[in-house]
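The primary structure of each chain is shown beneath.
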Amino acid sequence: MFSKISGLVLVGLTLLAGCSDNSVQPTSSNAASEDISPTNQIQVGKDYHSLSNPEQVKVSHIDLDLTVDFEQKVMSGYAELTFDKKDPDATSLIVDTRDLTINSVTANGQKIDFELQKADDFLGAALEIPLPDKGNKVKINYATSPQASGVQWLTPAQTAGKKYPFLFTQAQAIHARSFIPLQDSPQVRVTYKATIRTPKELLAVMSASNDPNTERDGVYEFNMPQPIPSYLIALGVGDLHFKAMGERTGVYAEPSILDAAAAEFEDTESMLIATEKLYGPYRWDRYDLLILPPSFPFGGMENPRLSFITPTVIAGDKSLVSLIAHELAHSWSGNTVTNATWRDLWLNEGFTTYLTYRIMENVYGKDRYNQEAVLGYQSLEADVANLTGKDQILAIDLRGRDPDDVFSDIPYEKGALFLREVEQKIGRDNMDAFLMEYFQHFKFQSITTDEFLAYFKKHVVASYPDKLDMDRINQWIFQPGVPEGAPMPESDAFSIVDNARSNWLSGELHANQIDTKNWTVHQWLYFLNNMPEELSMEQLHDLDRAFNLTESHNNEIAHSWLLIAVKNWYQPAFPRLHDYLVSIGRNKLVKPLYKELSKTVEGKAIAKKAFDEAKAGYHPLTVKANQGFVE
Ligand code: BES
Ligand code: ZN
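About the cut-offs
- All residue numbers refer to position in the chain's written sequence, counted from 1.
- Each chain gets a letter, beginning with A, and each ligand a number, beginning with 1, in the order they are written.
- Only residues with pLDDT of at least 70 get local features here, since the model is predicted, and only at 80 or more are side-chain atom pairs given and counted; chain-wide, interface and lining totals rely on the full set of residues.
- The side-chain quantities take in all heavy atoms of the structure and omit both hydrogens and water.
- For the purposes of this section, nonpolar cores are sets of buried Ala, Val, Leu, Ile, Met, Phe, Trp, Tyr and Cys residues that join through side-chain atoms within 4.5 Å.
- Accessibility here uses a 1.4 Å probe with only protein chains present; expressed as a share of the type maximum, an area under 20% marks a residue as buried, one over 50% as exposed, and anything in between as partly exposed.
- Here a strand is any run of E in DSSP of at least two residues, a helix any run of H or I of at least four, and the numbering for each starts at the N terminus.
- By definition in these notes, contact holds between two residues if any of their heavy atoms fall within 4.5 Å.
- When DSSP finds two or more bridges between a pair of strands, those strands are recorded as paired.
- Just so you know, the domain bounds were taken from an automatic or database domain assignment.
- Buried surface area refers to the total accessible area, computed with a probe of radius 1.4 Å, that the two partners give up upon joining, counted for both partners together.
- For salt bridges, the criterion is a side-chain nitrogen of Lys or Arg within 4 Å of an Asp or Glu carboxyl oxygen.
- Here a polar contact is recorded for every N or O atom pair within 3.5 Å, except that within protein the pair must consist of a potential hydrogen donor and a potential acceptor, and residues adjacent in sequence are included only if both atoms are side-chain atoms.
- Under the scheme applied, nonpolar residues are Ala, Val, Leu, Ile, Met, Phe, Trp, Tyr, Cys and Pro; charged residues are Asp, Glu, Lys and Arg; polar residues are all the others, including Gly.
- In this description, a line fitted to the C-alpha atoms serves as the axis of each element, helices being fitted only across the stretch in contact, and the angle between N-to-C directions of two axes falls anywhere from 0 to 180 degrees.
- The cut-offs work like this: below 35 degrees is roughly parallel, past 145 is roughly antiparallel, 65 to 115 is roughly perpendicular, and the gaps in between are oblique.
- The crossing is said to be left-handed when, going from far helix to near helix, the turn is anticlockwise and less than a right angle, and right-handed when the turn is clockwise.

(A) Representation of the nonpolar core within the structure. Counting 197 residues, the largest nonpolar core has Tyr438, Phe452 and Ile477 as its most contacted members. With 9 residues, the single largest contributor to this core is helix 6 (residues 345-364). Not counting chain neighbours up to four residues away, the residues in contact with tyrosine 438 comprise Val337, Leu347, Phe351, Ile447, Phe452 and Tyr455.

(B) Examining the sheet that holds strand 17 (residues 287-291) more closely. An order of 15-16-17-19-18 is seen for the 5 strands of this open sheet, with the pairing classed as mixed. At either margin of the open sheet sits one strand with a lone partner, and together these are strand 15 (241-244) and strand 18 (300-301). Alignment of strand 16 (residues 249-253) against strand 17, held across 4 bridges, turns out to be parallel. If you follow valine 251 over to strand 17, its bridge partner there is leucine 289.

(C) Geometry of the domain arrangement of the protein. On domain assignment, one finds that the protein holds domain 1 (31-47 + 325-478), domain 2 (57-184 + 188-239) and domain 3 (492-630). Taking only C-alpha atoms into account, the centre of domain 1 sits 30 Å from that of domain 3. Opposite the 9 residues of domain 1 that make contact, domain 3 presents 11 residues. Here domain 1 meets domain 3 over a buried area of about 780 Å², counting both sides, of which 58% is carbon and sulfur. Looking only at domain 1, the three residues that lose the most surface to domain 3 are Gln371, Leu375 and Gln378, adding up to 61% of its buried area. Across the contact surface, domain 1 and domain 3 share 2 salt bridges. One salt bridge in this structure joins aspartate 402 and lysine 624, with 2.9 Å as the shortest N-O distance. Linking domain 1 with domain 3 are 5 residue pairs in polar contact (both at pLDDT 80 or more), by the criterion used here. Split into classes, the residues belonging to the side of domain 1 that touches domain 3 amount to 2 nonpolar, 2 polar and 5 charged.

(D) Region of the structure containing the packing of helix 5 (residues 322-329) against helix 6. Direction vectors running N to C along helix 5 and helix 6 enclose 130 degrees, while the axes themselves pass 8 Å from each other. In terms of orientation, helix 5 lies oblique with respect to helix 6. You can see that helix 5 and helix 6 cross each other, and the crossing is right-handed. Two secondary-structure elements touch here, helix 5 through Ser322, Ala325, His326 and Ala329 and helix 6 through Glu349, Thr352, Thr353, Leu355, Thr356, Ile359 and Met360.

(E) Main features of the packing of helix 18 (residues 601-614) against helix 19 (residues 620-630). Packing of helix 18 against helix 19 leaves a shortest axis separation of 9 Å and a crossing angle of 140 degrees. One finds that helix 18 runs oblique with respect to helix 19. For the pair helix 18 and helix 19, the sense of crossing is left-handed. For the pair formed by helix 18 and helix 19, the contact residues are Lys604, Ala607, Lys608 and Phe611 on the first element and Val623, Asn626, Gln627, Phe629 and Val630 on the second. By residue class, the composition of the contact of helix 18 with helix 19 is 5 nonpolar, 2 polar and 2 charged.

If you want it as structure tokens, here you go:
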């Protein structure tokens, strides 16, 4: 299937593949006016998604002091930026903002005349601050907007406890600028300190040092001493309580879900230990989880020291905990070694997906690893079949595009498959040694695909000239599709499922005659995801009667089943479908359902009803990703 697609390939792509220009030009103050036509070569390392000027003046530290006002849905206070002047001729510091009200800018206690430029549709507005005569700090007094794209404000009704409001931020990829004026580029790394002021009964937590025993007094202090990119700055505020899971691991959640979360994720400490053994020291002190309300638009977000996690993976049987392995793995691939631009996202997500499989194998065994790898591979196959060639490239050209609109399995599963191929060619021990050195070598740096390649060529390819060659590696990274002969994950546990499915489809077995007693959640997903597009009403009833799929408590199984129900217009599942869409905001789970519903007039009506009801409680990103399906 892949070879067919890689056959189409390559219109105009040599441009990218051949590009070795490492120069980084100063960012102009308006990226929107730049020549981003495909014939104009990409400047490797240039961040096309920031209007800031770190090549001239680079921010290295942020002091934040913010008051959280739930009534107004506004955070206000200041960000004091410490900067280094890189270019002696520089006259101003430029930072990114989106929908911020800038009240004043001061340096050394004096007001500075700043200029807030006209907003670009998805990049926001550049804030230009003339450099002060002395010192290397400027203080920006500002307030966020209730519509800030990186902040969700939840009413008490939208929380588990129903009593207190909740707030969380989600900065990746380019939303930090909607709650802090800063150089919002992953190649700018900052340390930060923060004071967060909240209603007294609430607790604030951040991607920084969190003291599990802090006094609940409404004023919380944080410190992040390691330099991190802006997309990893994060804040959560709510009726949060803490429960330890291990020596270095614990969970923050609302009281009613705290015990369930701590039980579901109790293997986090073992995952941490396993990852350190494979890939070197954990460099971030504690590793805690923050469980968010179900409107969190992602499965997880690797905010350092404190991953943000959707509650939709609390299944009761640890079946969906690879999400935790994934977010934990980012502590190495992503947070320690970071993509320099969003074109290089695969360095974060591909490496992390590869590490995730390895951690899962270590903690839960080879069987589980194989099953998860096959499911990952299948979802890659589906994406390759659906995306344009250009969007199947690991080092993707995102010029002129909003990174939110280009989310796919390519950087994840294709990136991981590339590393799996390297592993198979050079051997696991050598692969592990390479990765350990790689994380050590680039620690606390942001690197481009080209920097990775130069390193990889020197330290790996050169050592195995008869096993690896650069042409093939360039094909993986700069061309669409999956190269022919790529590894293909397999699982014995799925052969039984294939047999069961075909015996059932041929009518040899009724659903209740299939022996599913010992099936894993992954086997169920494989069973459902590989059903033919069309099933008869009788078949759907047979499945539902035997396995009660409409009522499944596992959100992934429910998702797969509901997708089948929509495709085949199986109406008995529609009340559940409605509940599902209005109670979950995780995009990966709801978007495919909205998309499928939008294909028919009747489906669209169902989608619209759910969307209208849910919209006020959805995160801005979930609204943006799905509203096109109901219009
Ligand atoms: N860092 C990502 C989430 C992300 C990526 C947000 C790009 C914005 C832009 C996070 O680590 C992630 O990959 N989450 C996945 C987890 C899954 C692959 C296990 C998710 O949310 O589904
Ligand atoms: Zn990730």
